[in-house]
Amino acid sequence: MAKSIMIQGTTSNAGKSILTAALCRIFYQDGHKVAPFKSQNMALNSFITEEGLEMGRAQVVQAEAANIKPDVRMNPILLKPTSDKGSQVIINGEVVGNMKASEYYKNKVNYKPIIMEAYNKLAEEFDIIVIEGAGSPAEINLKENDIVNMGMAKMANAPVLIVADIDRGGVFAALYGTYMLQDDDEKAYIKGNIINKFRGDVKILQPGIDMIENLMPIPVVGVVPYCHLNIDDEDSLSENLINKQVSLIDIAVIKLPKISNFTDFNAFDIFAGCKVRYIENVHEFKKPDLLILPGSKNTISDLLWLRESGLESKILKYKNSGGSIFGICGGFQMLCETISDPNHLEGGGTHRGLGFVKGDTIFEQQKTRTRVNGTVENAEGIFSVLNGINFEGYEIHMGTTKLDKNMNKLVDLENNITLDGYSIGNVYGTYVHGIFDSAEIILTIVKALATNKGIDYELNKNMSMEEFKDREYDKLADIVRESLDMEYIYSLLEM
């Protein structure tokens, strides 16, 4: 059976996912067969495996760092919030339905066998499993029947490292408080603390480290510096989502309240002077070179927010002035004339869309989950240069869209899905997530935007997204390996 180690945090966004990915990469570099694991993940960013199963993107990133294929066993339970009080519950990659938080909380003890079955199967195939917790183990109202933090550590008999974000402040209080709020048997699992996102000279921090080690019977095993890496981050607190800076090539994404799969747009960051920014109000709109309507976990709710915020009017003016608009998944649906919800999956009713294309979307009970590959065809306007380029990606949506027979089909899919995109003028839409990850597609789009803007723009060499990610994972591993006491961490694996 595999040896294991677990990363928990003092809070959400402390750096659990990234440090788990770093350890996956380090162990892989050291010749070990390693897999990530997170028993329960709550996220709107998800991924479809080759088997057509749905899992959280954090474990996909961690699997990539470990140089293995994403496997739904790495994330047996995925919760996708549909409202402030409920989520779509996905077990072993399959949707089992929507639940209120109270209902899920009552049932979660029943999921332990499912979690352990997934974990044990991975443990039979790998040398090391790096487990990620969720939120914080100090959320004492959730400790009963816990299946993701200390409860998971006990099930896997895994030593735990607690990571805290010093950039937020209060790092020593967070570490001390997290430890002291654990029961005695839980404290025994905690074997070290990690201080993350540090800026400055570690020597200045050392007195605090000495004091916290005197207060707690566990060591600080490392201080990880604040660093900027282009690695997918599924968390809603991702720093990418707060970027407001206008770049030379200005890619603007509408930051919908229920935005999902915003990692679709990370590929633009490969190019110097091409940084995606996120729009939340009319004052931030400006004059983007490309406007993107992203995916949404609640398309109707986000469409109504778009209308109420005044952004719909700005988008309409932008479109009428010749602006380029690309809709992905939920954004694709919003560009249609109507969105209907006869099964009350998102509140019910029929709602007016943006009306940029002649077509209607209907939400159905069956969820589409599939990997796809195909070729761009019939693209009009500024991105007509995409025609003939191949791509691959995945689809994950509840609705189906029926377009007017005169609409141009944007992509030709090899698996013969009847519709997943359209093109009219400078407006484009598709259900395909990951379409921008194609090196040729992203390069062609940025070239077209530069040409349309009339600027002499020197692009990076043609690097695939896979090559780019691989380079970033190595950078991450180098930083973390240098920052942590890896000899001590390896000793924990032997305990």
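What counts and what doesn't
Residues numbered from 1 in each chain as written. Predicted model: local features only at pLDDT ≥ 70, side-chain atom pairs only at ≥ 80, totals over all residues. Heavy atoms only, no water. Pairing = 2+ DSSP bridges. Helix = DSSP H or I, 4+ residues; strand = E, 2+ residues; numbered from the N terminus. Axes fitted to C-alpha atoms, helices over the stretch in contact; angles between N-to-C directions. Contact = heavy atoms within 4.5 Å. Buried < 20%, exposed > 50% of the residue type's maximum accessible area, 1.4 Å probe, protein only. Salt bridge = Lys/Arg side-chain N within 4 Å of Asp/Glu carboxyl O. Phe/Tyr/Trp six-rings, centres within 6.5 Å; stacked < 30°, edge-to-face > 60°. Core = buried A, V, L, I, M, F, W, Y, C linked by side-chain atoms within 4.5 Å. Polar contact = N/O pair within 3.5 Å; in protein donor to acceptor, adjacent residues only side chain to side chain. Patch = residues over 30% accessible without salt bridge, like charges linked within 9 Å, V, L, I, M, F, W, Y side chains within 5 Å. Areas by Shrake-Rupley, 256 points an atom, 1.4 Å probe, with all protein chains shown as cover.

J.: Whenever I open this one, the sheet that holds strand β2 (residues 34-37) confuses me. Can you help?
T.: The pairing of strands in a sheet happens through backbone hydrogen bonds and is either parallel or antiparallel. The parallel open sheet is built from six strands, whose spatial order is β2-β9-β1-β10-β11-β12. At either end of the open sheet lies a strand with only one pairing partner, and these are β2 and β12 (220-225). Sheet twist, expressed as the average angle between the axes of neighbouring strands with direction ignored, equals 20°. Of the strand pairs in this sheet, strand β1 (residues 3-9) and strand β10 (residues 160-165) are connected by four bridges, and their pairing is parallel. Residue Gln-8 lies in a different strand from β10, and its bridge partner there is Ile-162. Across the sheet, helix α14 (residues 486-493) is in contact with β1, β9 (128-132), β10, β11 (190-198) and β12; its angle to β1 comes to roughly 120°.

J.: For this particular structure, what's the right way to read unusual backbone geometry?
T.: Note on backbone geometry: most residues besides glycine have negative phi, and most peptide bonds are trans. Positive phi values are uncommon outside glycine, yet Asn-67 reaches one of about 60°. Its location among the elements puts Asn-67 in the loop between α2 (57-65) and β6 (77-81). Taking relative accessible area as the criterion, Asn-67 reaches 48% and is therefore assigned partly exposed. One non-glycine residue, His-344, adopts positive backbone phi at about 55°. For His-344, a relative accessible area of 58% gives the class exposed.

J.: Honestly, the pattern of salt bridges in this entry has me stumped. Any pointers?
T.: Two side chains with opposite charge may pair up if their charged atoms get near one another. Scanning the entire structure with this criterion turns up 27 salt bridges. Glu-494 serves as the salt-bridge partner of Lys-3, at 2.8 Å between the closest nitrogen and oxygen. Taken together, the positions of Lys-3 in strand β1 and Glu-494 in the segment after α14 put the pair 491 residues apart, joining distant regions of the chain. Of the residues examined, Lys-3 reaches a relative accessible area of 36% and is grouped as partly exposed. Classification of Glu-494 as exposed rests on a relative accessible area of 56%. Between Arg-25 and Asp-470 there is a salt bridge, with the nearest N and O atoms lying 2.6 Å from each other. Of this pair, Arg-25 sits in helix α1 (residues 16-29) while Asp-470 sits in helix α13 (residues 465-483), and the two are 445 residues apart along the sequence. One network of salt bridges, in which partners are shared, links Lys-143, Lys-154, Asp-185 and Glu-186.

J.: Looking at this structure, how should I read the packing of aromatic side chains?
T.: Aromatic ring pairs are reported here in terms of the distance separating the ring centres and the angle at which the planes meet. Within the structure shown, the criterion is met by 12 aromatic pairs. Measuring from ring centre to ring centre gives 5.3 Å for Phe-268 and Phe-436, while their planes differ by 55°; the resulting arrangement is tilted. Taken together, the residues Phe-268 in the loop between β14 (259-260) and β15 (276-279) and Phe-436 in the loop between β26 (427-430) and α12 (439-453) connect sequence positions 168 residues apart. Relative to Phe-436, the ring of Phe-326 lies with its centre 5.2 Å away and its plane at 75°, an arrangement referred to as edge-to-face. Taken together, the residues span a long stretch of sequence, with Phe-326 in strand β18 (residues 325-328) and Phe-436 in the loop between β26 and α12 at a distance of 110 residues.

J.: What am I meant to see in the nonpolar core here?
T.: One recurring pattern in soluble globular proteins is that nonpolar side chains are buried together. The biggest cluster of nonpolar side chains holds 73 residues, and the ones touching the most others in it are Phe-268, Phe-383 and Phe-436. At eight residues, α12 tops the list of elements feeding residues into this core. Those residues in contact with Phe-383, other than ones at most four positions away along the chain, are Leu-290, Phe-326, Tyr-428, Ile-445, Ala-448 and Leu-449.

J.: Just checking my understanding: could you explain the side chain of His-351 for this structure?
T.: Note on placement: His-351 falls in strand β20 (residues 349-352). The buried category is assigned to His-351, whose relative accessible area is 19%. A polar atom in the side chain of His-351 sits 3.1 Å from the backbone oxygen of Gly-348. Residues in contact with His-351, not counting those within four places in the same chain, are Ile-300, Leu-303, Leu-304, Glu-337, Thr-338 and Ile-339.

J.: Before we go on, may I ask you to explain a nonpolar patch on the surface in this structure?
T.: A contiguous nonpolar surface patch, about 280 Å² in accessible area, is contributed by Tyr-176, Met-180 and Leu-215. Examined against the element boundaries, Leu-215 turns out to sit in helix α8 (residues 202-215).

J.: What is the right way to read the pairing of strand β25 (residues 421-424) from this model?
T.: One face of the sheet, then the other: side chains in a regular strand alternate in exactly this way. Sheet topology places strand β23 (residues 408-409) next to β25; two bridges connect them, and they run antiparallel. By the bridge assignment, Asn-408 is partnered in β25 with Ser-423. Pairing of β25 with β26 involves four bridges; the strand directions are antiparallel. Opposite Ile-424, over in β26, you have Val-427 as the bridge partner. The turn linking β25 back onto β26 is made up of two residues, and Gly-425 within it adopts a positive phi angle of 60°.

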